[in-house]
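# Analysis of the macromolecular model
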Protein chains: 2
Amino acid sequence: MAVAKPNTSGLPRRVLGIDPGSVKTGFGVIEVNGANAQYISSGVIQAGSGPFAERLHNIYQAIVEVITQHGIMEAAIEEVFLNRNAQSALKLGQGRGAAMCACAGAGLAVSEYTPRAVKQALVGRGGAEKDQVGYMVRAILGLKGDIKEDAADALAVALTHVQQDRFNARVAGQRG
Amino acid sequence: MAVAKPNTSGLPRRVLGIDPGSVKTGFGVIEVNGANAQYISSGVIQAGSGPFAERLHNIYQAIVEVITQHGIMEAAIEEVFLNRNAQSALKLGQGRGAAMCACAGAGLAVSEYTPRAVKQALVGRGGAEKDQVGYMVRAILGLKGDIKEDAADALAVALTHVQQDRFNARVAGQRG
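One structure accompanies this document, and this report is about it.

### What to know about the interface of chain A and chain B
If you look at the interface, chain A gives 26 residues, while chain B gives 26 residues. Carbon and sulfur atoms supply 77% of the area that chain A and chain B bury against each other, a total of about 2,000 Å² over both sides. Applying the counting criterion to the chain A and chain B interface returns zero salt bridges. At the junction of chain A and chain B, the tally comes to five residue pairs in polar contact (both at pLDDT 80 or more). Of all the elements in the fold, those that place two or more residues in the side of chain A that touches chain B are α1 (52-70), α2 (86-105) and β5 (110-113) of chain A. Element by element, the count of residues in the side of chain A that touches chain B is highest for α2 of chain A, at 14 residues. Its residues assigned to classes, the side of chain A that touches chain B shows 15 nonpolar, seven polar and four charged.

In structure tokens form, the structure reads like this:
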């Protein structure tokens, strides 16, 4: 596994988290400054009801806009459950491909985390319930009120990525 | 089903066919002028061995280049076999998503054809062997020598699209 490079730019890091889908794609942007993670933006991209290729391009285009608008420096995306049939895996894969494509096109590295790793990072238990993840996202980022599930999942992936980076940096520090 | 609009521009049509994959993506470009289909270009895009998001973007970028270079006006892509497991369907979906995304981004309509429809269109039998399709592609386009299988499949999808369009136009003509 590649060890994350510490951010030596002095700039706060902007991280994009993505919860992929073929119909709805959640996104969440956080800013990381030392030990502090701050909420910047989140939302749910609707792929629309046009021809399928157009829907994929809507996802692509919306992710490119989020990256540009918020000066994103790195991205993290949820790996998907595979206890589903090949037809739905194919559809989901196409949506996920569009989102990853947009990140790579903007020059971003894209880290991938399983739902289990996200639960482990946020709740401390890989088998945690989904609503516990949403609760922790709101608590960590100090969010009031409701947030859509796909957006919360995307923020959770971004927070997982930051935590993983800190862990990697610590491991590298101990080794170095 | 939408009935294809006849090409009233007077220009020969450039059609891009795509045989999608996560590792190799075949493409084929043909030019259609009345009843005549002419070979323009074909090849196999290698997604490379970099990070996964980068591989997807390589596919995206290569398809954009083919579209731009050859002045493509419409695209056709092969629907995928689903008698495979969810893991491989997901991977294939991601590659296919990148390719479709590139087409939609260039403003192209993307038609989809099953392998069975392609065999039916080219060989006259949905259950035809794969090498019969390659043989017919070479015969119809007057190609000498070998052509890579993925490129031949992509040309077959493009030819299927043209044949389907002619059929739709005839049906519309009979109804009109």
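### Section: the nonpolar core
Counting 54 residues, the largest nonpolar core has Leu16, Ile63 and Cys103 of chain A together with Leu16, Ile63 and Cys103 of chain B as its most contacted members. Setting aside anything within four residues of it in sequence, one finds Ile63 of chain B in contact with Leu16, Ile18, Thr25, Ile45, Ala99, Ala102 and Cys103 of chain B.

### As for α1 of chain A
Residue and element names in this part refer to chain A. Taking 1.5 Å of rise per residue, 19 residues should cover 27 Å, and α1 covers 28 Å from first to last C-alpha, within 8% of that figure. Listed in full, the buried residues belonging to α1 are Phe52, Ala53, Leu56, His57, Ile59, Tyr60, Ala62, Ile63, Val66, Ile67 and His70. Following α1 by one or two positions, Gly71 has its phi on the positive side, about 55 degrees.

### What about the sheet that holds strand β5 (residues 110-113) of chain B?
Residues and elements named next belong to chain B. Ordered by their spatial adjacency, five strands build an open sheet running β3-β2-β1-β4-β5, and the pairing between neighbours is mixed. Edge positions in the open sheet fall to β3 (36-46) and β5, since each of these has one partner strand only. Taken pair by pair, the neighbouring strands of this sheet meet at an average axis angle of 20 degrees, ignoring direction. Two strands pair when backbone bridges link them, and strand β2 (residues 24-33) and β3 are joined in this way by ten bridges, in the antiparallel orientation. The residue of β3 that forms the bridge with Val32 is Ala37. Helix α2 (residues 86-105) rests against β1 (13-19), β4 (74-78) and β5 of the sheet, and its axis sits at about 170 degrees to β4.

### What to know about the relation of the copies chain A and chain B
Screw-axis analysis of chain A against chain B gives a translation of 0.0 Å along the axis, an RMSD of 0.0 Å, and a rotation angle of 180 degrees. Overall, the copies show the geometry of a two-fold rotation axis.

Definitions and cut-offs
- Residues numbered from 1 in each chain as written.
- Chains lettered and ligands numbered in written order.
- Predicted model: local features only at pLDDT ≥ 70, side-chain atom pairs only at ≥ 80, totals over all residues.
- Heavy atoms only, no water.
- Contact = heavy atoms within 4.5 Å.
- Buried area = accessible area lost by both parts, 1.4 Å probe.
- Salt bridge = Lys/Arg side-chain N within 4 Å of Asp/Glu carboxyl O.
- Polar contact = N/O pair within 3.5 Å; in protein donor to acceptor, adjacent residues only side chain to side chain.
- Helix = DSSP H or I, 4+ residues; strand = E, 2+ residues; numbered from the N terminus.
- Nonpolar A, V, L, I, M, F, W, Y, C, P; charged D, E, K, R; others polar.
- Core = buried A, V, L, I, M, F, W, Y, C linked by side-chain atoms within 4.5 Å.
- Buried < 20%, exposed > 50% of the residue type's maximum accessible area, 1.4 Å probe, protein only.
- Expected span 1.5 Å × (residues − 1).
- Pairing = 2+ DSSP bridges.
- Axes fitted to C-alpha atoms, helices over the stretch in contact; angles between N-to-C directions.
- Least-squares fit on C-alpha atoms with pLDDT ≥ 70 in both.

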